[in-house]
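Results of the structural survey
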Amino acid sequence: MEEVRVAVDVMGGDEEPKVVLAGIDAALAADPALIVVAVGPEELVVPFADERPRVEALVAPDVIEMADDPLKAVMSKRKSSIVVACRAVKKGTCQGFFSAGATGAITAAATAYVTPFKYEEAGERRPLRPCLTSAVPNRTGGLTVFCDLGANPDIEPGDMLRFAQMGAAYARVVCGIAKPRIGLLSNGTEDTKGSHFTKECFALLSDELEGFAGNCEGSDVVSGNYDVVVADGFAGNVALKATEGAAKLIMSELKGALLGSLKGKIAALLIKNDLAAIKEKLSGDAKGGAILLGLRGVVLIGHGATSVEAVKNGTLATAEAVRAGLIESVVEAVGTIVR
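What counts, and at which threshold
- Residues numbered from 1 in each chain as written.
- Predicted model: local features only at pLDDT ≥ 70, side-chain atom pairs only at ≥ 80, totals over all residues.
- Heavy atoms only, no water.
- Helix = DSSP H or I, 4+ residues; strand = E, 2+ residues; numbered from the N terminus.
- Rg over C-alpha atoms; globule rule 2.2 N^0.38 Å.
- Contact = heavy atoms within 4.5 Å.
- Areas by Shrake-Rupley, 256 points an atom, 1.4 Å probe, with all protein chains shown as cover.
- Lys, Arg positive; Asp, Glu negative; His and termini not counted.
- Charge placed at Lys NZ, Arg CZ, Asp CG, Glu CD.
- Core = buried A, V, L, I, M, F, W, Y, C linked by side-chain atoms within 4.5 Å.
- Buried < 20%, exposed > 50% of the residue type's maximum accessible area, 1.4 Å probe, protein only.
- Expected span 1.5 Å × (residues − 1).
- Arc of directions from axis to C-beta.
- Pairing = 2+ DSSP bridges.
- Axes fitted to C-alpha atoms, helices over the stretch in contact; angles between N-to-C directions.
- Parallel < 35°, antiparallel > 145°, perpendicular 65-115°, else oblique.
- Left-handed = near helix turned anticlockwise from the far one by under 90°.
- Phe/Tyr/Trp six-rings, centres within 6.5 Å; stacked < 30°, edge-to-face > 60°.
- Lys NZ or Arg CZ within 6 Å of the ring centre and 35° of its normal.

Description of the overall build of the chain
Per the secondary structure count, the chain includes 12 helices and 14 strands. Computed over its C-alpha atoms, the radius of gyration of the chain comes to 20 Å, within 12% of the 20 Å expected for a compact globule of 339 residues. By principal-axis analysis of the C-alpha atoms, the chain measures approximately 65 × 60 × 40 Å. Sequence-distant contacts in the chain: of pairs separated by 6 or more residues, those separated by 24 or more amount to 68%. Summing over all exposed atoms, the chain offers an accessible surface of approximately 15,800 Å²; the carbon and sulfur share of this is 54%. Computed over 35 positive and 43 negative side-chain charges, the separation of the two mean positions in the chain equals 2 Å.

The following block contains the structure:
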């Protein structure tokens, strides 16, 4: 197995740093070729690294809080764990970065320091918009790649084409889907549906996107009818939050129904393991978090509701993406990228 160096933000997430550190230990136990660079305050990361042969400390005294303004925090807290880790990826001392910190701050820091690729259009070189992408479980038992999840609320049709190309590369490399079927999120599956913007995107994707299967609806994020669902960041984020909210409602109602009577409590006890599996499936990202595609390095963002298992999965998924050559696959998929 190829050795991979992954930076992990010890201060990321809603829980105490000890939860992140325990998650790092779990990832190291699962991957013998993994080297973790623990990024955070000296009093946390140095003793932790000193006791573990495959952990290195990268001191970052500042912390970007969840409530901080992303851009201001990235500019003013340049010794924060998020910024220091992104710089390490840019320098090449780490091949990937995982954090369960603030999505906005990670996106801003990664864009500024890891930096996006550039593409050529009309004789000009322009920076690629990073696309926030994740794989969510669907009703067929497989995974649906969903992008953009909120990094870019306002985009052009050309951006949507590149998002779709990058999402398809993710589906092939990370999810093992050889020929992904790509759907454009709209308010109906008919070719004539959508806003003026969506219709422009439909025309462009129809002409230039291999594997384009037409418009899809919000329910297709989890239907399994498409392997990739692509949207602008505004619509994608709304659809994602709605899907997550529906999942939480179902689990809450199910819990209430089972615990509301003695008969239900007995039933809950009998199917305890099945319920835990369902909760795990609906609780978050099937591939450890959401990845920012279009950057010159692997940056993966986990849920703020950190757990040991979530940190473990996110760290391992970052290493997996590096080993699978995801960045190079994205470059190949977006034919207009220039080095």
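Considering the nonpolar core
Among the nonpolar cores identified, the biggest contains 60 residues, and Ile24, Met166, Tyr170, Leu184, Val230 and Leu326 are the most heavily contacted of them. Formed by 41 residues, the second largest nonpolar core is a distinct cluster that contains Ala73, Val84, Leu149 and Ala290.

Digging into helix 7 (residues 196–208)
The periodicity of an α-helix, 3.6 residues per turn, causes residues three or four places apart in sequence to face the same way. For helix 7, built from 13 residues, the straight-helix expectation of 18 Å at 1.5 Å per residue is met to within 8% by its first-to-last C-alpha distance of 19 Å. Of all the positions in helix 7, only Thr198, Cys201, Phe202 and Leu205 are classed as buried. Buried residues of helix 7, viewed axially, fall in a sector of 105°; they line one side. Facing away from the buried surface of helix 7 by more than 90 degrees, the exposed residues are His196, Asp207 and Glu208. Residues of helix 7 that are buried make contact with helix 6 (157–173), strand 9 (182–185), strand 10 (212–216) and strand 11 (228–230).

Observations regarding the sheet that holds strand 8 (residues 143–147)
A sheet is described by the order of its strands in space; here 11 strands give the open sequence 3-2-1-4-13-12-7-8-11-9-10, paired in mixed fashion. One side of each edge strand has no neighbouring strand; the edge strands of this open sheet are strand 3 (55–59) and strand 10. Ignoring which end each strand starts from, the neighbouring axes of this sheet average 25° apart. Across the sheet, helix 7 lies against strand 9, strand 10 and strand 11, angled at about 165° from strand 10, the strand it touches most. Taken strand by strand, helix 11 (residues 308–323) contacts strand 1 (4–9), strand 2 (34–40), strand 4 (96–99), strand 12 (290–293) and strand 13 (298–301), and its axis lies near 160° from that of strand 4.

Here we look at the sheet that holds strand 5 (residues 118–121)
The pairing of strands in a sheet happens through backbone hydrogen bonds and is either parallel or antiparallel. Ordered in space as 6-5-14, the 3 strands form an open sheet in which the pairing is antiparallel. Edge strands, defined here as strands with exactly one partner in the open sheet, are strand 6 (124–127) and strand 14 (337–338). Pairing of strand 5 with strand 6 involves 4 bridges; the strand directions are antiparallel. Its bridge partner being in strand 6, tyrosine 119 is matched across the sheet by arginine 126.

As for the packing of helix 6 against helix 7
The geometry of helix 6 relative to helix 7 is characterised by a closest axis approach of 9 Å and an angle of 50° between their N-to-C directions. As the angle between them shows, helix 6 and helix 7 are arranged oblique. For the crossing formed where helix 6 meets helix 7, the hand is right-handed. Taken together, the residues of helix 7 that come into contact with helix 6 (itself represented by Pro157, Gly158, Met160 and Leu161) are Phe197, Glu200, Cys201, Leu204, Leu205 and Glu208.

As for the packing of aromatic side chains
Following the criterion strictly, the structure yields 1 aromatic pair and no others. On the basis of an interplanar angle of 70° and a centroid distance of 5.5 Å, the ring pair of phenylalanine 202 and phenylalanine 212 is categorised as edge-to-face. Residue phenylalanine 202 is located in helix 7, and its partner phenylalanine 212 is located in strand 10; the two are separated by 10 residues in the primary sequence. Its guanidinium or amino end placed over the ring of tyrosine 119, arginine 162 lies 3.7 Å from that ring's centre, counting from NZ or CZ.

Section: the environment of alanine 33
For alanine 33, the position within the fold is in the loop between helix 1 (17–30) and strand 2. Classification of alanine 33 by relative accessible area gives buried; the value is 12%. Between the C-alpha atom of alanine 33 and that of valine 4, which follows or precedes it by 29 residues, the distance is 6.6 Å. Those residues in contact with alanine 33 that sit more than four places away from it in its chain are Met1, Glu2, Glu3, Val4, Arg54 and Arg323.

Brief notes about the environment of glycine 150
The residue glycine 150 is located in the loop between strand 8 and helix 6 in this model. Each C-alpha atom, one on glycine 150 and one on lysine 79, is 26 Å from the other, the two residues being 71 residues apart in sequence. The contacts of glycine 150, once residues within four sequence positions are left out, are Leu132, Gly233 and Asn237.

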